[in-house]
Amino acid sequence: MNMPTGAGSNAPDFLTVEEAAALLRVNRKTLYESIRFGQVPGVLHLGRSIRIRRVVLLRWMPGNGGPALGEKR
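Notes on the structure in this doc start here. (Residues numbered from 1 in each chain as written. Predicted model: local features only at pLDDT ≥ 70, side-chain atom pairs only at ≥ 80, totals over all residues. Heavy atoms only, no water.)

### Some words on the pattern of salt bridges
Cut-off, in case you're wondering: Each salt bridge in this description consists of a side-chain nitrogen of Lys or Arg and a carboxyl oxygen of Asp or Glu lying within 4 Å of one another. Here a strand is any run of E in DSSP of at least two residues, a helix any run of H or I of at least four, and the numbering for each starts at the N terminus.
Considering all chains together, one arrives at 1 salt bridge under this definition. A salt bridge links Glu33 to Arg36; the nearest nitrogen and oxygen atoms lie 2.9 Å apart. Of the two residues, Glu33 and Arg36 are both situated in helix H2 (residues 28-36); the distance of 3 residues between them amounts to about one turn of the helix.

### Notes on H2
Basically, it comes down to this: Residue exposure (1.4 Å probe, protein chains only): buried if accessible area is under 20% of the type maximum, exposed if over 50%, otherwise partly exposed. Each C-beta atom gives one direction from the helix axis, and the arc is the one those directions make. By definition in these notes, contact holds between two residues if any of their heavy atoms fall within 4.5 Å.
Listing the buried residues of H2 in full gives Leu31, Ser34 and Ile35. Buried residues in H2, looked at end-on, bunch into an arc of 100°, giving them a common side. In H2, the exposed residues that point more than 90 degrees away from the buried face are Lys29 and Arg36. Of the surrounding elements, those touching the buried residues of H2 are helix H1 (17-24), strand E2 (43-46) and strand E3 (49-53). Residue Gly38 follows H2 closely and has a positive phi angle near 80°.

### Remarks on the packing of H1 against H2
Filter applied, for reference: Note on geometry: axes are lines fitted to C-alpha atoms, helical ones only across the stretch in contact, with angles between N-to-C directions running from 0 to 180 degrees. Angle categories: roughly parallel below 35 degrees, roughly antiparallel above 145, roughly perpendicular from 65 to 115, and oblique for all the rest. Under the scheme applied here, ten amino acids are nonpolar (Ala, Val, Leu, Ile, Met, Phe, Trp, Tyr, Cys and Pro), four are charged (Asp, Glu, Lys and Arg), and all others, including Gly, are polar.
Contact pair H1 / H2: the axes reach a minimum separation of 9 Å and the direction vectors enclose 105°. Here H1 lies roughly perpendicular to H2, going by the angle between them. For the pair H1 and H2, the contacting residues are Val17, Glu18, Ala20, Ala21 and Leu24 in the first and Arg28, Leu31, Tyr32 and Ile35 in the second. Of the residues belonging to the contact of H1 with H2, the class tally is 7 nonpolar, no polar and 2 charged.

### What about a nonpolar patch on the surface?
To be explicit about the condition: A patch consists of residues whose relative accessible area exceeds 30% and which take part in no salt bridge; residues with like charges are grouped when within 9 Å of each other, and nonpolar side chains (Val, Leu, Ile, Met, Phe, Trp, Tyr) when within 5 Å. Reported accessibility uses the Shrake-Rupley method at a 1.4 Å probe radius. Residues are deemed covered only where the shown protein chains occlude them.
On the surface, Phe14, Leu44 and Leu46 cluster together into a nonpolar patch covering about 250 Å² of accessible area. Here Leu44 is to be found in strand E2.

As structure tokens, this is what we get:
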């Protein structure tokens, strides 16, 4: 799945976990674990659904001195 990253793109403001995992090029299950550990910024829980704010995710630098996605702190 190709997700545009430009500021003027038609990409949605909020991504599903599947879309965010594709953008980060990580496994969906790994991203769910990272969300559970509180490692992912911009997460919004809507009932049983999870959405991730695209702009926050693009500014975030995973692996920047912290644990890898899915690892406990």
